[in-house]
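Report on the structure
Listed below, chain by chain, are the residues.
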Amino acid sequence: MSLIFDNDADRCKQEKHFRLSPVATVVKMALVVSLTSFIAMSAKAQDTNAEPKKEAENIEVEVIEVIGTRKTIQDQIAIKREATSVVDGLSAEDIGDLPALSIGEALESITGAASHRENGGATEITIRGLGPFLSATHINGREATNGSGDRSVNFSQFPSELMQKVAIYKTQDASLIEGGVAGVITLETLKPLDYGKQQVQGEVKVNYNPDEANIDNSLHGNLGGRVTFSLVDQFEFDNGQALGVSFGVQRQDISQPEAEYRSSGPTGASLWACLNDPTNTNEGFFRSTAGDCEDRVVGSSNQGYQTAINPVTGEAQSAGTPYAWTGSSRSYRQNETSDERDAVFLALQYRPSDAWDINFDAQISDRNQAEARHDLLFLQKRVTPGVTGENLIVNDVGGILQWQGEERFESAGEQFSREENYVGYGLNVEHFFSDRLTITADFGYSQTKREELQISNRGRTIDRPFLTWEMGKYIPHITVTDFDVTDISNFTDSLRTRLDREGVRENEIVSARLDFKYALDSNVFSSVQGGVRASELSFVQFGGNQGSGSRTEILLDESAISALDVLQQCQINFPETDLLSSVSDGNLITHIDSNGNVVASGTGSSWATYDNVCFSQALVNSVGGSFAYPEVEYQNSGTQDVTEKTLSAYLMANYDTEMFGKFIRGNFGVRLVDTDVTSIGFRNSFDVVTNELGVLSLVTGDSLESITGGGGYTEILPSFNLVVDYSDNILLRAGIYRGMSRANPSDMSYSRTFQTDDDVAPTSLADLFVGVNGSGNPNIKPLMSWNYDVAFEWYPNEDSIFALSLYYKQFQGGFQQRTVLEDFLVDGQTVTLPITNSVTTDNESDLYGLEASIAYRWDNGLGVKLGYNYADTDFEFEDSLYGNTFITDLDGTTRQLTAGIVPPGSVPGFSEHVFSGQIYYQIGDFDTALIYKYRSEYFQPYTTDGTRLRYVDEVGVWEARASYRINKNIRVKVEAINLFSAPKSQDFFVQGNLGEVNDYGPRFFAGISLKY
């Protein structure tokens, strides 16, 4: 229940301009309407206050219950206003009332937050345009694990219905767990005794995706759903003890339609900058004989544009030569999908007396994602002399807009599944030792396990049909001569299946902390607090015969069964109608005869497809094998095993006083962090053998032996926060802190092999070993930054806020290849050898930003909430293949290795503009909102090689929701995500070289909730 009052306010005129083309007009109109209406309301309030006041006994105060969107926004405003730090958050009075379908979507509504989308939903969250690796995520005050090998958290793993509060700390104080340069994301579940009332709640939502209605999905039906049940209760005993119980469970079973256009990824083996020089007939698109454009007619293969520095000219070897980006293949992909998640949340709160408060909480989430993928690949590296180069059309960055030639087609398929299991629990014991002293002990555990299984199939054409493809508005379209892609008998060459088990990871965090808080009898300092924390993070990725996983590859034995028989017995009808229709300009494929006439068969948006499991089993049976996924193993050269132990301590003073007629509050403190890393890898055993002449040699054995590397660092993290209550409704805020973001656990792996010189006759270990090859750096240092925030916040009433923040971050670090010395123990002797690896440099870069939050509500029930973040930075991230790369030698000399052809990326995940806005209307029991979320383009490191540039293009997504409360117990609601089917597009190496387009379509949910 809330009391609503009209507050006096002064007239205000404010005008904001920013460059954000898709939403600038909407924002400007909303601002003008909001401020104009507020001026009118202020004047009315002043007139009303001028009337004579009634006697107190005649005053009737109307008590209004505020619920729904209005209550959510009021809570957001209250969280921001009451916080000592710069904080934005969401809270729900009742469990299950967070206005979003996932935690990711909920966080996106917070000013400055944006998401990376996968399968149409929000996954990783960025803060103020900075990538998720620069943030930290805590659940009930404890670090959360993930299955990705980095430190970001997949928020689609957690149901929003079972969370009570989410918040983003954009400045930090010494009491927060270290680890977020951009900020700290906190998730909180309910404490049942603090909640203070009994409640039983159930909710059923039905999911309908229009794109799913066009799919014959073998993994899922046309309708999906999610069912949530929660219970909160309290028990009081005669001896004064009390126990509270909160329990929640959710079952989700939905599909996530996704159609894709894809190009080969940004790796040196599959995406090349091939020379596009008409005068060069030895290589590139004008080579004199048919062959791959990256291979020379006479000379070496795998060439393309050479970025290595020519020592004579000081420029790249291929400097000045035109080029075009070409991948091994381009493809269309049709997906059948399924997403199942089971989640259980539990909380117990026990108070044996007024001096003790004991809380136990647990979260369990099991998620299974599956996809049946059907691809039509058209290869494109091969040059047809006299055709390909002469008809090639490229844009100004080398992205191909038109290509012609003779090349193979493939009907390919993949059956993919990912299982991810999260378990987290903790025990928090708070003891009120006296009226002044409170001591808190906390113990936490978090574990995530992930495993991915995949079948990859291929059927290829025997010949090379002639094809042309041209870039449309979003994706390319194919014209193929005398070839029917819908005829399964055209794909009988080189049948192959692969069974992969990969991405098998375990991430675990065990932590304990002890804190105290002592209240002071002072006019300035309200309390002092401090504590110590110990944690151990472990990350294991299991290796196999493919490094990070294991693969079984089988080619068809045609002596057992013919390729055509396999294809025909496994053939299925194309599963989808209107594939990629929202991003295509018409038919994906046009089949013409040799005279240029369109042939109906093979023209459209489908191709010959087959059941992936049937195809793979048939090939396995042809060789007399057993259909089974290969195993991974711990003792393997591809295994990564990283342990990070952290010990930290902090001391912080809180102040709350009056100065110069203004009330001020805040804190200042310091946190000391000491971290040690141990990393275990495996390599083949070896022996150092001495012959009769005293010459040493290295003999490699067949067995594996473990090797161990390590590193560590100690950092001091001071912080200061200040809040000035300038007036009853104006706050001034400032914050300074030193932040740190640790390297990803997967980057701290340890793999080392020795280099020897066979041209000498070594007689000592120093002569035998000349260097070390390897990957991973367990001694990599964190990225440090100094962070400064100032903010102006105006709170005219409970429904309104006008806030403006300016912030500055100075990064102290970057990423560069550097040669360093490492010690190795060989035959009881210490050998010091050079190795070149990725390190954190001492480079400095700057980031400036502006953040604005606006919320306002009119008396007619219409309200608006807007959030905008602008940032600019000079941080540079060079692509390791086609960018400028450098190496620092042992003597400290830095040399340039390559002169790149692509500009550097920025901070991973950095977007210049982030905007979220919603217009809501709430009158009586009806509540509806229209939401828009925009994010400008950003650099996202490529999945399988984080040193390669991949850009996600700008995107704006609309969402909508509406609900109606039938009575105090029953409410119905509908929700929509990606209302206008905004696709996600990505560019590889450089913006303008289209790499991938994902078309998700909208998703709709309708539900009913019961609450007692």
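Computed from a prediction, not measured in an experiment: that's the story for all the values here.

The set of residues buried in helix H6 (residues 563–570) consists of Ala 563, Val 566, Leu 567 and Cys 570. What you see down the axis of H6 is that its buried residues fit within an arc of 95°, all on one side.

Right, let's talk about the sheet that holds strand S3 (residues 87–91) for a bit. Sheet architecture is open: 5 strands sit in the order S3-S8-S9-S6-S7, paired in mixed fashion. Of all strands in the sheet, those with a lone pairing partner are S3 and strand S7 (142–143), marking the two edges. Strand direction decides the pairing type here: S3 and strand S8 (residues 165–169), joined by 5 bridges, are antiparallel. Note on S8: the bridge partner recorded for Val 87 is Tyr 169. Sheet strands touched by helix H2 (residues 68–82): S3 and S8. Its angle to S3, the strand with the most contacts, is close to 145°.

Below, the discussion takes up the confidence of the model for the chain. Per-residue pLDDT for the chain averages 87, and the proportion of residues at 70 or more is 91%. Predicted confidence for residues 1–57 stays below pLDDT 50, and this span has 71 contacts to residues more than four positions away or in other chains.

Attention shifts here to the sheet that holds strand S30 (residues 589–592). The strand order across the open sheet built from 6 strands is S20-S21-S24-S25-S30-S31, with neighbouring strands paired in mixed fashion. Two strands close off the open sheet at either side, each with one partner strand: strand S20 (393–394) and strand S31 (598–604). Here 5 bridges tie strand S21 (residues 400–406) to strand S24 (residues 466–471), and the two strands are oriented antiparallel to one another. Within S24, the residue paired with Trp 403 across the bridge is Trp 469.

As a further point, take the environment of Leu 862. Within the secondary structure, Leu 862 is located in strand S44 (residues 862–873). Classification of Leu 862 by relative accessible area gives partly exposed; the value is 32%. Separated by 301 residues in the primary sequence, Leu 862 and Ile 561 place their C-alpha atoms 69 Å from one another. Residues in contact with Leu 862, not counting those within four places in the same chain, are Tyr 856, Arg 857, Ile 919, Tyr 920 and Tyr 921.

What counts and what doesn't
- Residues numbered from 1 in each chain as written.
- Predicted model: local features only at pLDDT ≥ 70, side-chain atom pairs only at ≥ 80, totals over all residues.
- Heavy atoms only, no water.
- Buried < 20%, exposed > 50% of the residue type's maximum accessible area, 1.4 Å probe, protein only.
- Helix = DSSP H or I, 4+ residues; strand = E, 2+ residues; numbered from the N terminus.
- Arc of directions from axis to C-beta.
- Pairing = 2+ DSSP bridges.
- Contact = heavy atoms within 4.5 Å.
- Axes fitted to C-alpha atoms, helices over the stretch in contact; angles between N-to-C directions.
- pLDDT = per-residue confidence, 0-100.

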